Amino acid sequence: MLRGIATMSYWTDDLAAAKRWYADLLGIEPYFEVPGGYAEFRLGDYQQELGLIDRSYAPEGTPTGAGGVVAYWHVDDIDAALERLTAMGATVRDQPRDRGEGFITATVTDPFDNILGIMFNPHYRDVLSRRG
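Procedures and definitions
Each chain carries its own residue numbering, running from 1 in the written order of its sequence. Predicted model: local features are reported for residues with pLDDT of at least 70 only, side-chain atom pairs are reported and counted for 80 or more only, and whole-chain, interface and lining totals are derived from all residues. Working from all heavy atoms in the structure, the side-chain values ignore hydrogens and water. UniProt positions are given in the numbering used here, feature names are shortened, and annotations may be inferred rather than shown by experiment. Strands are runs of DSSP state E lasting at least two residues, helices are runs of H or I lasting at least four, and both sets are numbered from the N terminus onward. Should DSSP find at least two bridges between two strands, the strands are taken to pair. Between N-to-C directions, angles cover 0 to 180 degrees, with each direction set by a line fitted to C-alpha atoms, over the stretch in contact for helices. Contacts between residues were defined by any pair of non-hydrogen atoms, one from each residue, lying within 4.5 Å. Counted as salt bridges are all cases of a side-chain nitrogen of Lys or Arg within 4 Å of a carboxyl oxygen of Asp or Glu. Residue exposure (1.4 Å probe, protein chains only): buried if accessible area is under 20% of the type maximum, exposed if over 50%, otherwise partly exposed.

### Describing the UniProt feature "domain: VOC" (unreviewed entry) in the protein
Listed under "domain: VOC" (unreviewed entry) in the UniProt record, and renumbered for this structure, are residues 4-121. For residues 4-121, the end-to-end C-alpha separation is 16 Å, with 19% helix and 41% strand making up the annotated structure.

Structural data, given as structure tokens:
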């Protein structure tokens, strides 16, 4: 039933600043935008979508601070990724942790109060290599 992440959405009070921050982090510009309301990037090996949405469009009752579900993006080097994120102004929430069997995770809060998870996941590389 669930076939993959279609779009990961982050809320922001400053869409222009969030768009610049993520463009710098990812090294790409958004491929789709709705002026003043939404910017979307396609990234990674599977071209997943990361959407930045002006918080004024959040459904009523949406929490205004970081919390809840954490999506982890695969990275090849946890320490290097964490160093880059913090140099760009992200705040460490959870230092790198070895979860066993080669899985290492860490989380940061971006400057817009969204949680960004990073993970070294050995299965990710296995699946990717099988895809060709």
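### Digging into the sheet that holds strand β8 (residues 115-120)
The strand order across the open sheet formed by four strands is β5-β8-β7-β6, and the pairing between neighbours is mixed. The open sheet is flanked by β5 (72-74) and β6 (91-100), the only strands paired with a single partner. Geometrically, the sheet is characterised by an average inter-axis angle of 25° between neighbouring strands, direction not taken into account. Two strands pair when backbone bridges link them, and strand β7 (residues 103-109) and β8 are joined in this way by six bridges, in the antiparallel orientation. Counted as the bridge partner of Ile104 is Phe120 from β8. In this fold helix α2 (residues 78-87) packs onto β6, β7 and β8, with an angle of close to 160° to the strand it touches most, β8.

### Regarding the sheet that holds strand β2 (residues 32-34)
Taking strand neighbours across the sheet as the criterion, the four strands line up as β1-β4-β3-β2 in an open arrangement whose pairing is mixed. The strands lining the two open edges of the sheet, one partner per strand, are β1 (7-12) and β2. Ignoring strand direction, the axes of neighbouring strands in this sheet form an average angle of 15°. Relative to strand β4 (residues 48-54), β1 is paired through six bridges, and the arrangement is parallel. Bridge pairing links Tyr10 to Leu52 in β4. Strand contacts of helix α1 (residues 15-26): β1, β2, β3 (38-43) and β4, with the helix running at about 10° to β3, the strand carrying the most contacts.

### A look at the pattern of salt bridges
Within this structure, the stated rule accounts for six salt bridges. Between Lys19 and Glu33 there is a salt bridge whose closest N-O contact spans 2.7 Å. Here Lys19, found in helix α1, pairs with Glu33, found in strand β2; they are 14 residues apart in sequence, far enough to count as distant. Judged by relative accessible area, Lys19 falls into the partly exposed class, the value being 25%. Judged by its relative accessible area of 39%, Glu33 falls in the partly exposed class. A salt bridge links Glu49 to Arg42; the nearest nitrogen and oxygen atoms lie 2.9 Å apart. One salt-bridge network, in which partners are shared between bridges, spans Asp94, Arg97 and Arg99.

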